[in-house]
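As a plain string of letters, each chain reads:
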Amino acid sequence: MFPDAGPDDPTVTAMRARELGRKSVVVGDRVSLVGDTSGASGALARIVRIAERRSVLRRTAEDDATTAEGRLERVVVANADQLVIVSALADPPPRTGFIDRCLVAAYDADIEPLLCLTKADLAGPEAVLGYYTELELPYVLIRPDSDLAALRALLAGRVSVMVGHSGVGKSTLVNRLVPEAGRAVGTVSAIGRGRHTSTSAVALRLPPQPNADGDPGWIIDTPGVRSFGLAHVSAESLLHGFPDLVEATVDCPANCQHTAEEADCALDAWVAGGKADPRRLASYRRLLASRSGEGDPREPERNPGDPLAGS
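Thresholds, definitions, all that
Residues numbered from 1 in each chain as written. Predicted model: local features only at pLDDT ≥ 70, side-chain atom pairs only at ≥ 80, totals over all residues. Heavy atoms only, no water. pLDDT = per-residue confidence, 0-100. Contact = heavy atoms within 4.5 Å. Pairing = 2+ DSSP bridges. Helix = DSSP H or I, 4+ residues; strand = E, 2+ residues; numbered from the N terminus. Axes fitted to C-alpha atoms, helices over the stretch in contact; angles between N-to-C directions. Buried < 20%, exposed > 50% of the residue type's maximum accessible area, 1.4 Å probe, protein only. Polar contact = N/O pair within 3.5 Å; in protein donor to acceptor, adjacent residues only side chain to side chain.

Attention now moves to the confidence of the model for the protein. In the predicted model, the protein carries a mean pLDDT of 85, and 85% of its residues have values of at least 70. Contacts of residues 186-198 to residues separated by more than four positions or lying in other chains number 31 contacts, the stretch itself having pLDDT below 50. In the predicted structure, residues 296-305 sits below a pLDDT of 50 and forms 30 contacts with residues beyond four places in sequence or in another chain.

Laid out in structure tokens, this is it:
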């Protein structure tokens, strides 16, 4: 990817040079090219060097590192500055368990998160925003007729990767931001799940806006995902995805695992004292349990009466 590329620069077709061996090239990588970089029809360049990545967003198919799927890390994107977590407020309903996973991955990769709540014409954001009230998580609300100026301002000058469940309107949003993108869009099934319409990640240069100076930024659209495995994230780093709980662990005994079975874990008293939402603690402990092979990250988990508990 060429962050300094202008809108009129040619699109260069390139292949990985043999001397790179098995080193993979992923969306967002900054590379050095040799050969024909004119972008002319039939022209072909070679990728001879991959620059050091300043951030790497990863996920695994499962949380459990004892399984083959859990050990297999997938690099989603390199060199992103911001993770835009796209969630619908209805049709399909929001899944804070999935958002929690994305937040953990973002903090682990040292990428700033941004919550993008779509279909705001169908439901209000109060329940979701209330769940994250202690995090001061930046967010934008999107309706079909929304002016996207606020979102564009948050994307400007950055490389932003967009993730979300299928059916949340991510590809529709991408097409509004980059009209020539032509990303396929689909519908949501009767059971509230969308079809996978994007099949591969693609980096798109945001078009310059009238009367706006500076770099408009890049967005990287990713395929809709049903799970965001965190086997690559250490238990300690997992907690950093829940900054509203971190302070409580100062009072935990040495080597506390922070599970429900830990009788002296300070997290329970912290929540009982009203200093954090009990659903946040439940979500954190579900992720801890899934790291041990308990539970299935691919299936939504729900607490009775809590419509936001799905993962």
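Next up on the list: the sheet that holds strand E8 (residues 139-141). The mixed open sheet is built from six strands, whose spatial order is E8-E7-E6-E9-E11-E10. Edge positions in the sheet fall to E8 and strand E10 (202-205), since each of these pairs with one other strand and no more. The sheet shows a mean angle of 25° between the axes of neighbouring strands, taken without regard to direction. Relative to E8, strand E7 (residues 112-118) runs parallel, the two sharing three bridges. If you follow Leu117 over to E8, its bridge partner there is Leu141.

Along the chain, Val84 turns up in strand E6 (residues 82-88). Residue class for Val84 comes out buried when judged on its relative accessible area of 0%. Here the alpha-carbon distance between Val84 and Ser160, two residues 76 residues apart in the chain, equals 6.5 Å. Beyond its immediate sequence surroundings of up to four residues, Val84 is in contact with Leu114, Cys116, Leu155, Ser160, Val161, Met162 and Val163.

The next point concerns the side chain of Ser290. Among the secondary structure elements, Ser290 is positioned in helix H9 (residues 278-291). A distance of 2.8 Å separates a polar side-chain atom of Ser290 from the backbone oxygen of Leu287. What Ser290 contacts, discounting residues up to four positions off in sequence, is Asp63, Asp64 and Arg101.

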